[in-house]
Amino acid sequence: MCDPYSIASLALIAAGTAAQQYGEYKSDKKQSQTLDEESQRQNDLQAKSRALFDQSLNFNQDAAFKDRENEASKGLSDAFNQTTNAAFDNLDPYTVGQAEAPKTISDTFKSAIQSSKDALGKQLGAKAKLAGIDSALAQASIQNQQIAGQQSAIGNFMRGSSNVLPLELADAKHAGDSWNAYGGLASAIGGGVGKAGLSNQAKPAPKVGIAAAAKS
Amino acid sequence: MGMYGGAGDPGAEARQQEQQRQLRVGEGLSSIDNSFKGFDDNYFNGKQQAYRDYYSPQLNKQYQDSKDAMLLRLSDAGIGQSSAAAHGLSRLTDEYARNSADVEQKAQGYGSETRADVQGLKNQLVSQLNATGDSGLAAQAANSAVALQRSKSSGFEPLANAFTDISGLYARDQQNANYANALNQPYQTYGARLKSSAAGKLVS
């Protein structure tokens, strides 16, 4: 049959061990939670960065790029045609002394003008096509710069958040400290109680009963 | 606070500080965006138009002057109504239209360059903001940068002579006219004729 000391000792030691284990569990859980939270923050920021990257990819994809190139080429081509037409159409024969010229000369004048206009139209059309890609590249560069600026801020947030993690993990390691301490205390007390119980068992038992009473 | 009475939870404090820093950076980014909102399509289109407004009148004047000079020379040479005059004027106008197209292309290029410059400026401010995390400083720097960009000189140089080649054509026309005159003068010396003929050939 167990004595009360032993029972108390075992109970305290068991409680202390359980408390320490719970303390470790709390610490592990807190560390895991801290890692999960940081992982979530990084994932959220990564998702924002990825969305920007996708936006950039969409902007730079072949079809979109070619659309912008064609649009820029067309815009320039229209502008070139306008300037060319304005230049040649304003060449009034009356103001350049050709109006009253013999028909041969007048025809040469008209033919030279038309020929120049046609040749120039073709050249400037080609130039507009060449310039279209420059314009599309310039637009892409500006867009990429803009997105890079936003991504640099996100990258900064990711680094800043990540830098805090070691400190948070260090905090999390101490999350079970109270339970560990109380558990250690309980175990120590339990050990003490156990020792006290053993000491008591080693002492001779007091003589009680009829024989002792008769002796006295 | 820890159970041992330490200086609190350093991780939690650091997290709070980081959140505040990110908040400040976010505010700074908003300040930069706000300061730069005036740099819209209208602004850059205005820059393109400024380029056109500066160079087109110069080009138009040069063309008009060159055309007048050419007509005068052709008339003086008595070939105002000639195929040479037709080709000369056509060539001059061709050069004018080509230069007008250049002005247009450069105007659009200038608009794009300005747009890229502004974006670069904005990115510099974002980098500074990322480094300092100071939204107040970012707002101040953004306003200064915007003011600087707006007051920046265009750096436009006056248009160089766009019709140099055509000026050469006038000279040849004149020489050809002299040559033609020399042929029509019965008492012209052989030396004078030779000198004139060596100067150039008829345009057509």
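Residues numbered from 1 in each chain as written. Chains lettered and ligands numbered in written order. Predicted model: local features only at pLDDT ≥ 70, side-chain atom pairs only at ≥ 80, totals over all residues. Heavy atoms only, no water.

Novice: Just give me the short version of the overall build of chain B, but keep the residues and values in it.
Specialist: For chain B, the helix and strand inventory stands at six helices and zero strands. For chain B, the N- to C-terminal ordering of α and β elements is α-α-α-α-α-α. Relative to its 204 residues, chain B shows a buried fraction of 39%. For chain B, contacts bridging at least 24 residues in sequence account for 83% of all contacts bridging at least 6. Within the structure as shown, chain B displays about 11100 Å² of accessible surface, and the carbon and sulfur contribution to it stands at 51%. (Helix = DSSP H or I, 4+ residues; strand = E, 2+ residues; numbered from the N terminus. Buried < 20%, exposed > 50% of the residue type's maximum accessible area, 1.4 Å probe, protein only. Contact = heavy atoms within 4.5 Å. Areas by Shrake-Rupley, 256 points an atom, 1.4 Å probe, with all protein chains shown as cover.)

Novice: Explain the environment of Gln82(A) to me, using residue names and the numbers behind them.
Specialist: For Gln82(A), the location among the structural elements is in helix H2 (residues 62-89). For Gln82(A), a relative accessible area of 59% gives the class exposed.

Novice: Can you lay out the interface of chain B and chain A for me, pointing to particular residues and giving the numbers?
Specialist: Buried accessible area, meaning the area lost when the parts come together, often serves as the stated size of an interface. Contacts between the two partners involve 45 residues from chain B, matched on the other side by 47 residues from chain A. Taking both sides of the interface into account, the surface hidden between chain B and chain A amounts to around 3700 Å²; carbon and sulfur atoms contribute 60%. Put simply, chain B and chain A have three salt bridges between them. The partner of Lys127(A) in a salt bridge is Asp102(B), and the shortest N-O contact between them spans 2.3 Å. Scanning the region where chain B abuts chain A turns up 16 residue pairs in polar contact (both at pLDDT 80 or more). Of all the secondary structure elements, the ones that give two or more residues to the side of chain B that touches chain A are helix H1 (10-35), helix H2 (41-76) and helix H3 (83-132) of chain B. Tallying contributions element by element places H3(B) first for the side of chain B that touches chain A, with 25 residues. Among the residues forming the side of chain B that touches chain A, the class breakdown is 17 nonpolar, 18 polar and ten charged. (Buried area = accessible area lost by both parts, 1.4 Å probe. Salt bridge = Lys/Arg side-chain N within 4 Å of Asp/Glu carboxyl O. Polar contact = N/O pair within 3.5 Å; in protein donor to acceptor, adjacent residues only side chain to side chain. Nonpolar A, V, L, I, M, F, W, Y, C, P; charged D, E, K, R; others polar.)

Novice: Let's hear about a nonpolar patch on the surface: which residues, and what values?
Specialist: Residues Tyr22(A), Tyr25(A) and Trp179(A) make up a contiguous nonpolar surface patch of roughly 330 Å² in combined accessible area. If you trace the backbone, Trp179(A) turns up in helix H4 (residues 177-202). (Patch = residues over 30% accessible without salt bridge, like charges linked within 9 Å, V, L, I, M, F, W, Y side chains within 5 Å.)

Novice: Could you give an account of the nonpolar core, naming the residues involved and the relevant values?
Specialist: The biggest cluster of nonpolar side chains holds 31 residues, and the ones touching the most others in it are Phe80(A), Phe109(A), Tyr51(B), Leu59(B), Tyr63(B), Tyr96(B) and Phe163(B). A per-element tally of this core places H3(B) first, with ten residues. In contact with Leu59(B), not counting residues within four places along its chain, are Tyr96(B), Asn99(B), Ser100(B), Val103(B), Leu159(B), Ala162(B) and Phe163(B). With 20 residues, the next largest nonpolar core counts Leu52(A), Ile147(A), Ile154(A) and Val25(B) among its residues. (Core = buried A, V, L, I, M, F, W, Y, C linked by side-chain atoms within 4.5 Å.)

Novice: Quick rundown of the packing of helix H1 (residues 4-60) of chain A against H2(A)? Include the residues and the values.
Specialist: Residues and elements named next belong to chain A. Following both chains from N to C, one finds H1 and H2 inclined at 55°, their axes separated by 5 Å at the closest point. The angle between the axes of H1 and H2 places the two elements in the oblique class. Contact with H1, carried on its side by Asn58, Phe59 and Asn60, involves Asp62, Ala64, Phe65 and Arg68 of H2 and no other residues of that element. Broken down by class, the residue content of the contact of H1 with H2 amounts to three nonpolar, two polar and two charged. (Axes fitted to C-alpha atoms, helices over the stretch in contact; angles between N-to-C directions. Parallel < 35°, antiparallel > 145°, perpendicular 65-115°, else oblique.)

Novice: Residue-level account of the packing of aromatic side chains, with values.
Specialist: For the structure shown, the criterion picks out ten aromatic pairs over all chains. Ring centres of Phe36(B) and Phe39(B) lie 5.6 Å apart, and the angle between their planes is 45°; this geometry places the pair in the tilted category. We classify Phe39(B) as buried; its relative accessible area is 9%. One cation-aromatic arrangement involves Arg68(A) over Phe59(A); the distance from NZ or CZ to the ring centre is 3.7 Å. (Phe/Tyr/Trp six-rings, centres within 6.5 Å; stacked < 30°, edge-to-face > 60°. Lys NZ or Arg CZ within 6 Å of the ring centre and 35° of its normal.)

Novice: With reference to specific residues and values, describe the pattern of salt bridges.
Specialist: A side chain with one charge may pair with a side chain of the opposite charge, provided their charged atoms come close. This structure, assessed with the given rule, holds 14 salt bridges over all chains. A salt bridge links Arg41(A) to Glu38(A); the shortest N-O distance between them is 3.0 Å. Of this pair, Arg41(A) and Glu38(A) both sit in helix H1, three residues apart, roughly one helical turn. The class for Glu38(A) is buried, based on a relative accessible area of 3%. Glu18(B) is the salt-bridge partner of Arg21(B), the closest N and O atoms lying 3.0 Å from each other. With Arg21(B) and Glu18(B) both in helix H1 and three residues apart, the pair spans about one turn of that helix. Assigned by exposure class, Arg21(B) and Glu18(B) land together as buried. Through salt bridges with shared partners, a single network forms among Glu38(A), Arg41(A), Glu168(A) and Arg15(B).

Novice: Outline the side chain of Ser187(A), listing residues and values.
Specialist: Residue and element names in this part refer to chain A. On the secondary structure map, Ser187 appears in helix H4. For Ser187, a relative accessible area of 18% gives the class buried. Excluding residues that lie within four positions of it along the chain, Ser187 makes contacts with Leu12, Ile13, Gly16, Thr17 and Gln20.

Read these as spatial facts, not as claims about activity.
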